[in-house]
Structure formats: C-alpha cells, structure tokens
Amino acid sequence: MTPLHGYLFVAALLFAIGFAGAVTRRNAIVVLIGIELMLNAANLNFIAFWRFGPHPDELTGIVFVLFSIAVAAAEAAVGLALIISVYRHYKTTNVDRIDSMRG
Amino acid sequence: MTAVFIILSLVTVASAIAAMTLRNLVHCALSLAVTFAGLAALYLQLNAQFVGFAQILVYVGAVAILIVFAILLTRGSEPPAEAIFSSKWFVGVAVASVVFAVIAAAVLSSRALPSESASMPSASVRQLGDELMTRYILPLEVLGLLLTAALIGAVILALRETANEQSGGAK
Amino acid sequence: MIDQIFVELKHWLMGLAPGQFEPIVSGLLSVAALILVFASLFALTTVLERKGLGRIQNRYGPNRVGPFGLLQPAADGLKTLTKEDIVPYSADGMVHFLAPLVLLVPAFLALAVLPMGRNMTMVELDAGVLFFFAAGAATELSVFMAGWSSRNKYSLLGAMRAIAQMISYEVPLILAAVPAIMTAGSLSTDAVVAAQAGYSGWLPHWYVLTPWGLAGFGLFMIAGAAESNRAPFDLPEGESEIIAGYYTEYSGFKFALFFLGEYIGMFAVSGLAITLFLGGWQAPVPFLQWIPSYLWFFAKLLGLILVFIWVRGTLPRLRMDQLMAFAWKFMLPMALVDLFVAGLWRFIPGGLARWLICLVLVAGSYVLLARGLASNSGVHKRSYRYAE
C-alpha cells in the first residue's frame, strides 16, 4: 500500500460519496454539491498521479487540474443560475416535482 | 501513510459525508467548504502549491459562496417540508458502493501503478507559467472564452423577465 | 547587526532545542512573535484611531486611562473579556460559535508571507502573493456564517451586502497587484521586494514612483479598504445604517474577535501594499539605510494605518449602489488600463518618452472613467429647499 494507493482510495471514496448524494438527494442544489464533489475527487486523482507518476516535470496533471477547477467554477455558476430560474417558475427546488415538460 | 495524510483524509471524507446527508442546506454548503479546504491541504501535501492555493481561492472563496447565495435565493434555509432523500435511496447508495468497489479493486490489482515513491517533484510558478503560455496557450484562450460565455449566460439566465411578465399579464 | 537581531535571536533559541524538534520550535517561535507583535499593534491602532478621529472631529479622544489615553486598550480588553456572552435562543449554535474563528485564522495566515525585514519573512513561498489572496478569499465565508447564524433579518441583509462588496472589490484588488508582480517577475513576496532594490541618485526604485505604480497603489489601497469593510466602505457595518450589520448578535469576546479580525485584515492589506509598491523593508534614501529594516516596515505600516484613519474621519459613507458602480465601472477598467500601461513601461526604452506616454494614458483614462461614472449618477444642478 504505497501512498499513491492511499490518495487514490480517498479520491474513489469522495467520488462514491458525491455520486450517492447526487443520485439520492431531492434538492437540486445538493445534487449540484454532489457533482462538485465528484469533480474534486477526479482532481485529487490527477494530482496524485502527477506526484507519483513517471513524468512530473511535464506538469500535465497540474495544468489539467487548473483547467478543471476553472471549468467547474463556470459550470457551477451556470447550473445555479438555471436552478434559480427553474425555482422562479416552479416555486420549488425539489427535483421530483419538476416533472412536466409543459411550462 | 503518514499521520498527517490520515487526519486530513478523515476530515475531508467526514465533511463530504456530512455535506451529503445533513438536513439543513446551509450546513451542507458549509461542510462542502470544509471538504474543499481539506482537499486543498491534500494538494499541499502532494507539493502542488499553486493548485492548492487556487483551490482555496476559487472553490472556497467563490463556488461555496455561490452555492450559499443560491440556497438563500431559493428559500432553502427553512427546514424542508418533505423528506430530503428520495424514496428509492438505497438503490443510489448501492450503485455508489459498487462504483467504489470497482475503482478500489482496479487500484489494488493494477500493475501499472509505480510501486516505489518517487522523489518530491517541484512545480515552480515560473515553470507553470511557461507551460501555460507555450504548450497550453490554446486551452487557456478557449478557457477565457468559456468563462466569458458562462458569465454572460448566468447573468441572462438569472435576470428577471419583467417585460415578458408584464406583456403576458396585460393580454 | 541591529538589523538581524531578531533573526539571530531566533536561531539561538532554535539551537537550544533538541535536534529533531527544530522545525516545530522554529514555527512556534515565529507564530508567537507574529501574534504578539500584531496584537499589540492592534491595541495601539484602536487608541490611535479613536484619538485621531476625535481630533479630526474637533474633540479629544479618550484621555482618561493612562497618559494621553494610551492605556485605553487595557480597559477595553478587560471590558470585553468580562462581558456576558449572549447567544440568541434560535441562533445556530455551532455556526455562530465558529464564525469569529473562520475570520481570524485566514487573517492571521495572510500575515505569514509578508517580509517584515531583511530575512524576516515567516514563510517563504514560491506563490506567496497567491496565498495571500487565497487567505483573503477564505474570510468571506465567515461573514456569511455570522450573518446567517444569528437568525436576524438585519444581520442577514448586512452579511449579503458585505459579501457582495467583498467579492466585487476582490477583482480590482488582484488586478491592481498584477502589474507589480508582472514587473518583478515572480509571485514570491521576497522577490518582489528584492526587485525594488537600488537607488538612482536619491530616489529609490520603488514601484509607487512610476505612473502605473502610483495608479496601482491607489487602486490597491481603495480596494483594500473595501475588502476590510473600512470607511468609506463600511456600509455593511455602519452603526447608523444597520446597527452593526452581520455582527449585531455578537457580544463580549466574540465581538472583540471580529474587531481584531477586521483590523488584522487591514494590517495585512497595508503590509502587502508596502511589499508590492512601497519597497517592503527598504529605506527611501541611500543614506538612511543604517536604520534597521523592520523599523522601516513598521514605520510604513503605521503611515498607511494613519492614512486609513484619516480617510475614515474625512469621507462620508458610500451607498451600496454607488459602491458597486465604483467597483465595476471605475476600478475594474482602471486596473485593466494600469496593467496595459505597466506592459508598455516595460517595453518602451527609458527616458522622457516612457514617462510622458504612460502618464498621459493613466491620467487620461482616469479622467474619462471618472466623467463616465459621474454622468451616470444623474447629478443635477443642486436645488436647495429651505424651511419656509
């Protein structure tokens, strides 16, 4: 069990927790929180492989994670704006209630 | 596995579980902020300094606050009237456990993972800047465009459509 | 020799500790020194502020406790420590308790990368300035925690306004710091101070003595005042506006912790302004270099604190929409122009042409942006109404 295994386990655990939350919770914002957790777990994976991998001087892992952080922030902003405008129409954030295609 | 790593991962995983199971939404968002901070500490353990600080600056300083604002704007701070988990929650948890088991099995049985721990690499900011400006210049510019599009899109989505409502109501 | 006295003291104390504890002892010594120095600076600043504001408002400040009121912080400290700690019944206990801590810890962390003298940076990081801004961003969450956990509409309103203000002014703050980092070529605070070394005749090579540096320094100080909720940007906590905003429901020691956190934030922002623009711990003229470097740093810090107090006593408070318009419509374009001018400064060869072009660009854009901002607010010819 090298340190790399430890980091990969933590990342897998975070991914599974985020996935479980995103699939089971009813509030749309908590679903988005779960998605952010999954993205962060993948980032941890990248950094762990950069640190223990064969070519750390190429900085591929770090650059990938920087772009991933930026894209995740943009996606969180747009997702939350969507949730807010859906709330304005349906007056609820419960994903089980948002079930009609007709406006 | 050092004691620091174990403590940090315990804190991170515990706050992630709290973020997914707590009833009060604002507590969920605050536990998420603790998770982000724990992850930033793990990045610092792995000697990725720039990414660790960028994680705190972007995630704790902006995304967590965004989530909190959205919770307040959608009246999420009151206790929810109905159940917080969907009725078939055990299916979700079962699938998540299967996902974790598959990944863990893949990690344990893989022969491609380097078995000896390499020396600590260092990524200076100068190197990172050089790479971003030469090899990854195209993704950087595209990222700028993406962030602009996301900014404009989010503002337009969340804008109140007062004109439409007024004209729709008059008819 | 006097210059390095604290460094020598620390090395001697580290030598007394057994071998394997040296990193821990070194860290503990630095942390203890930092907390002692900045907590006493906080005490001094509270007295200076009250007396300074009093004098500006044509009255004495506190002058009962000790000579010239200088022992007033002791009386204040005793009062806050012995006050009853009231927590509202319906408040969220855990979040209410943790909010002052979440404010204080990043504020003190941000002080760790400031070079306070020659070889006296507590932590030498490769990305020191980024660490500073990350620590500043982490304090925003505590404002929300304080406002929301009090279960008080006015606290929540104050917290929302404070967060909106802090987020809006974070962008000009970082953008105003970028030209200095660009010219120094490194994110490390020690490198930025070292890049401002040297004198041409009697003038130092500080960045504030260049057109883009002057504009950048001004923008940085204004954005820093807004970041630490300092007048004239103290709408979220103005006493005549919203009682005390997001820390209405805090009393006793927790209130003192919030106060401390805010002032430490002010010190940290001033310290970074000194590092980036005013040459850090370096003397302004070559023949004054015999004065120790830490004395220069703290003299400059005291000067900037006095400027903050002066501005607080002079300018009226900005309204929320004026605040936001100022950030997005004036400071952000000005910071971008500053960045462009800093780039031009680097590439145009030295001499009169460089100064003229850069000065014209900075002053011209300032005038244009200010006119644009003023015309939007609809200031009409003033009409007076008398009680007739």
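Residues numbered from 1 in each chain as written. Chains lettered and ligands numbered in written order. Predicted model: local features only at pLDDT ≥ 70, side-chain atom pairs only at ≥ 80, totals over all residues.

**Overview of the overall build of chain B**
Move 1: The helix and strand tally for chain B stands at 7 helices and 0 strands.
Move 2: Radius of gyration (C-alpha) of chain B: 22 Å, far over the 16 Å computed for a compact globule of 171 residues.
Move 3: Dimensions of chain B along its principal axes, counting C-alpha atoms only, are 75 × 45 × 25 Å.
Move 4: The proportion of buried residues among the 171 residues of chain B is 31%.
Move 5: The contacts in chain B between residues at least 6 apart in sequence include a share of 56% that link residues at least 24 apart. (Helix = DSSP H or I, 4+ residues; strand = E, 2+ residues; numbered from the N terminus. Rg over C-alpha atoms; globule rule 2.2 N^0.38 Å. Buried ≥ 20, exposed ≤ 12 C-beta atoms within 10 Å, placed from the backbone. Contact = placed C-beta atoms within 7 Å.)

**Brief notes about the interface of chain A and chain B**
Move 1: Taken together, the contact pairs 62 residues of chain A with 70 residues of chain B.
Move 2: Listed by contribution, the elements that provide at least two residues to the side of chain A that touches chain B are helix 1 (3-24), helix 2 (28-52) and helix 3 (60-90) of chain A.
Move 3: The greatest single-element share of the side of chain A that touches chain B, amounting to 20 residues, is contributed by helix 3 of chain A.
Move 4: When its residues are assigned to classes, the side of chain A that touches chain B shows 44 nonpolar, 12 polar and 6 charged. (Nonpolar A, V, L, I, M, F, W, Y, C, P; charged D, E, K, R; others polar.)

**Digging into the confidence of the model for chain B**
Move 1: When pLDDT is averaged across chain B, the result is 86; 90% of the residues are at 70 or more.
Move 2: Across residues 163-171 of chain B the pLDDT falls below 50, and counting only partners more than four positions away or on other chains, this stretch makes 0 contacts in the model. (pLDDT = per-residue confidence, 0-100.)

**Let's talk about the interface of chain C and chain B**
Move 1: The partner chain B presents 15 residues to the 17 residues of chain C that form the contact.
Move 2: Sorting the residues of the side of chain C that touches chain B by element identifies helix 5 (128-138) and helix 6 (140-149) of chain C as the ones contributing at least two each.
Move 3: Broken down by element, the side of chain C that touches chain B gets its largest block of residues, 6 residues, from helix 5 of chain C.
Move 4: When its residues are assigned to classes, the side of chain C that touches chain B shows 15 nonpolar, no polar and 2 charged.

**A look at the nonpolar core**
Move 1: Of all hydrophobic cores here, the largest spans 179 residues; its most connected members are Ile62 of chain A, Ala29, Ala64 and Ile67 of chain B together with Ala273 of chain C.
Move 2: Non-local contacts of Ala64 of chain B, meaning those with residues more than four positions away in its chain, are made with Ala29, Leu32, Ala33, Phe36 and Tyr59 of chain B together with Leu141 of chain C. (Core = buried A, V, L, I, M, F, W, Y, C linked by C-beta atoms within 7 Å.)

**Considerations on unusual backbone geometry**
Note on backbone geometry: most residues besides glycine have negative phi, and most peptide bonds are trans.
All names here are of chain C.
Move 1: Of note, Arg151 is a non-glycine position whose phi angle comes to about 55°, a positive value.
Move 2: By the element assignment, Arg151 lies in the loop between helix 6 and helix 7 (153-184).
Move 3: Not every positive phi belongs to a glycine, and Asn229 is a case in point at roughly 55°.
Move 4: Position of Asn229 among the secondary structure elements: in the loop between helix 9 (211-227) and helix 10 (239-242).
Move 5: What makes Asn229 buried here is the crowd of 21 C-beta atoms within 10 Å.

**Concerning the environment of Ile163 of chain C**
Move 1: Within the fold, Ile163 of chain C resides in helix 7.
Move 2: Along the primary structure Ile163 of chain C and Gly216 of chain C are separated by 53 residues, whereas in three dimensions their C-alpha atoms are 23 Å apart.
Move 3: The contact partners of Ile163 of chain C, leaving out residues within four places of it in the chain, are Ile65 of chain B together with Glu140, Val143 and Phe144 of chain C.

**Overview of the arrangement of the chains**
Move 1: Among the 2 pairs of chains that make contact, the interface with the largest number of contacts is formed by chains A and B.
Move 2: Nothing in chain A touches chain C, and the closest approach of their C-alpha atoms is 14 Å.

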